[in-house]
Amino acid sequence: FTQDDAFFCLQRFVRAFLPSVFQDDDFVGLQSFFHQFSYLLMYHAPASAQRLETSDVPPDLYATPWFLTLFASKTELELLLTFWDLYIAEGDPFFFAYFGLALMQTQPD
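In this text, all values refer to a predicted model and were calculated from it rather than measured experimentally.

> Please provide a residue-by-residue account of the nonpolar core, values included.
Judged by nonpolar contacts, the single largest core of 25 residues is most densely connected at Phe37, Leu41, Tyr62, Trp66, Phe67, Phe71 and Phe96. Those elements that provide at least two residues to this core are helix H2 (28–44), helix H3 (46–54), helix H5 (64–69), helix H6 (77–90) and helix H7 (95–106). Here this core takes six residues from H2, the largest share from any one element. In contact with Phe71, other than residues within four places in its own chain, are Pro65, Trp66, Leu80, Phe83, Phe96, Phe99, Gly100 and Leu103.

Below is the structure:
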């Protein structure tokens, strides 16, 4: 398995599972994920959403590395591989937003 093979696999993975995030230089797709994530947070964890909003902490300040790397930058490898397996199996483009929500809900207030 060479570096070229690894890059090819990553490129295919991104095209298959993160196409809208990297489709333009302005990250319009990523911005839409932030809006969707904000609404999920407001619905499922209103106290946390309110606290973040009151503190002027929008999702792009804490969720950018999550969504750009599908949690690879901030997650232990064993959990990450389990998450990626579920994400691939589900085939739901919003699955990772719910995973981010679950991570937010596991944190103490």
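> Tell me about the packing of aromatic side chains, residues and numbers included.
Within the structure shown, the criterion is met by 18 aromatic pairs. Relative to Phe96, the ring of Phe67 has its centre 5.1 Å away and its plane inclined at 75 degrees; by these criteria the two rings are edge-to-face. Linking Phe67 in helix H5 with Phe96 in helix H7, this pair joins segments that are 29 residues apart in sequence. Residues Phe67 and Phe96 agree in their burial class; the two are buried. Of the aromatic side chains, those joined through ring pairs into one cluster are Phe33, Phe34, Phe37, Tyr62, Trp66, Phe67, Phe71, Phe83, Tyr87, Phe95, Phe96 and Phe99.

> I'd like a description of the environment of Phe1, backed by residues and values.
Mapped onto the fold, Phe1 is located in the segment before helix H1 (3–17). Along the sequence, Phe1 and Ser38 sit 37 residues apart, while their C-alpha atoms lie 40 Å from each other. In this structure, Phe1 is in contact with Ala6 and Cys9, ignoring residues within four places of it in sequence.

> Account for the packing of H2 against H3, naming residues and giving values.
Axis separation between H2 and H3 bottoms out at 5 Å; the angle between their running directions is 125 degrees. By the criterion of interaxial angle, the relationship of H2 to H3 is oblique. For the pair H2 and H3, the contacting residues are Leu41, Met42, Tyr43 and His44 in the first and Pro46, Ala49 and Leu52 in the second. Residues belonging to the contact of H2 with H3 are distributed by class as follows: six nonpolar, one polar and no charged.

> An account of the packing of H2 against H7 is requested, with residue identities and associated values reported.
For the pair H2 and H7, the least separation of the axes is 10 Å and the interaxial angle reads 45 degrees. One element, H2, and the other, H7, form an angle in the oblique class. At the point where H2 passes H7, the crossing takes the right-handed sense. Note on element contacts: H7 touches H2 through Phe96, Ala97, Tyr98, Gly100, Leu101, Met104 and Gln105, opposite Phe33, Phe37, Leu40, Leu41 and His44. A per-class count over the contact of H2 with H7 returns nine nonpolar, three polar and no charged.

Conventions adopted
- Residues numbered from 1 in each chain as written.
- Predicted model: local features only at pLDDT ≥ 70, side-chain atom pairs only at ≥ 80, totals over all residues.
- Heavy atoms only, no water.
- Core = buried A, V, L, I, M, F, W, Y, C linked by side-chain atoms within 4.5 Å.
- Buried < 20%, exposed > 50% of the residue type's maximum accessible area, 1.4 Å probe, protein only.
- Helix = DSSP H or I, 4+ residues; strand = E, 2+ residues; numbered from the N terminus.
- Contact = heavy atoms within 4.5 Å.
- Phe/Tyr/Trp six-rings, centres within 6.5 Å; stacked < 30°, edge-to-face > 60°.
- Axes fitted to C-alpha atoms, helices over the stretch in contact; angles between N-to-C directions.
- Parallel < 35°, antiparallel > 145°, perpendicular 65-115°, else oblique.
- Nonpolar A, V, L, I, M, F, W, Y, C, P; charged D, E, K, R; others polar.
- Left-handed = near helix turned anticlockwise from the far one by under 90°.

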